[in-house]
Amino acid sequence: MGKKFRVFATCDIGESIELLRRRGYEVEVYPHAEAPAKKVIIEKVKSGVDGLITTLRDQIDAEVFEAGKGTLKVVAQIAVGFDNINRGDASRYKVPFTNTADVLTEATAEFAFFMLGALARRMWTAEHLTRENKWSYWHPYLPFLGDEVTGKTIAIIGTGRIGLAMIKKCAGSDMNMLCYDPAYQNHEFVGAIQETMDLRHARGISKEKTWIKYSTLEDALAQADFVSVHVPLLREGETQTPTYHLFNERTLRMMKKTAFLVNTSRGPVVDEAALARALRENWIAGAALDVYEKEPLPADSALRDPAIEDRCRLYPHFASAGRTTRLSTDPDKGMAGRCAQGLIDVLEKNYGGDVTKMPYVVNKEAFGKAG
Ligand code: NAD
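Residues numbered from 1 in each chain as written. Predicted model: local features only at pLDDT ≥ 70, side-chain atom pairs only at ≥ 80, totals over all residues. Heavy atoms only, no water.

Next up on the list: the site of the ligand. In the vicinity of the ligand there are 28 residues, among which Arg161, Ile162, Asp181, Thr264 and Asp290 approach most closely. Within the side chain of His317, one N or O atom sits 3.4 Å away from an oxygen atom of the ligand. In the complex, the protein chains occlude 91% of the 870 Å² of accessible area that the ligand would expose alone. Considering only residue class, the shell around the ligand consists of twelve nonpolar, twelve polar and four charged. (Near = heavy atom within 4 Å. Polar contact = N/O pair within 3.5 Å; in protein donor to acceptor, adjacent residues only side chain to side chain. Areas by Shrake-Rupley, 256 points an atom, 1.4 Å probe, with all protein chains shown as cover. Nonpolar A, V, L, I, M, F, W, Y, C, P; charged D, E, K, R; others polar.)

Now for the domain arrangement of the protein chain. Per the domain assignment, the segments of the protein chain are domain 1 (6–103 + 323–367) and domain 2 (105–314). Each of domain 1 and domain 2 has a C-alpha centre, and these two points are 32 Å apart. Contacts between the two partners involve eight residues from domain 1, matched on the other side by five residues from domain 2. With both sides pooled, the region where domain 1 packs onto domain 2 buries about 600 Å², and carbon together with sulfur makes up 47% of that total. Its largest share of buried area at the contact with domain 2, domain 1 owes to Leu56, Asp83 and Asp102, together 60% of the area lost on that side. The tally of links between domain 1 and domain 2 comes to one salt bridge. Our enumeration of links across domain 1 and domain 2 arrives at two residue pairs in polar contact (both at pLDDT 80 or more). For the side of domain 1 that touches domain 2, the class distribution of residues is four nonpolar, two polar and two charged. (Domains from an automatic or database assignment. Contact = heavy atoms within 4.5 Å. Buried area = accessible area lost by both parts, 1.4 Å probe. Salt bridge = Lys/Arg side-chain N within 4 Å of Asp/Glu carboxyl O.)

So, in structure tokens, the structure goes:
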């Protein structure tokens, strides 16, 4: 390699940093666990780094790209979601940015499924009962019961990578599924899942016949016992199908009073004030959240209300936080590995330097023939 590339990582991503260094890269890692202030990122970019490694905590927009004009060649994000990166600005400044799709799909879906189980079966409340020594007898229904997951109906909102992986987990628990996605419908996948469900029933593995189908949002919300959200955060103007506050007073009220909401997508997809009311006033039975409108979750969040504590599970943006998923240096297994590879592809001009052919680049539209 001729030129020594300079990279600033806003966060440590483990062994992959060492691998970049061994490749001859000069990599500076922000030394604190908290995210750097934007001015720190701008300073580093101004100093002429070739590449930035970013997390969803960093606001990457025109200000950053302007600071890196002529020097910044790539932004490599360690996440699949990239709502913190202004796609239009990146493309205008002709800076490709990469993400880590696919490698976190199964980990995120399984966490959503476990959240759903913990919520419905009241595992948190049950453990508290045991730990606080309030478990005084076995009784058919006291002090409380949970709701089974097996055999219930779930609405899958967004049938992209993680939504489809969630469908696999739910199929294994003999759930019926209503899928909603206005922009991408994978009928082949849904058909194949139906075939496996039919086979399980025909062979006596599943007692009841189960089904899966695409539906409208209204029907999905009205019929489902569980609603699991797997959409990107898209604001008005960014798409034909915005997801900002997709769950609001109107849509929460469409859900059954006995239904549970699970959100592992992005916080602003759910109007938290409306959700807190929905839980307090029993419009729905419960919610399990991994993401919030403001992260970390503020101390005064209405979601922390003790009155809804046993019906509201709160997790710290943890769905992809599996050891292999987060840190494997293998780009086919780990977010860190895929993030580093995305950076390398652009800086070392892999794929003949054709950005549109680089698998992890998101804003390919800016680099077409006309671009
Ligand atoms: P994806 O792009 O493969 O799938 C998203 C799907 O949502 C697409 O099929 C899209 O058509 C659909 N969609 C868009 N607008 C919609 C709308 N208005 N209503 C319903 N569906 C709509 O993305 P993915 O890899 O499945 O990831 C989904 C999101 O999950 C990411 O963008 C990220 O924000 C979030 N995520 C969170 C964590 C976590 O740790 N909690 C981990 C990974 C991903």
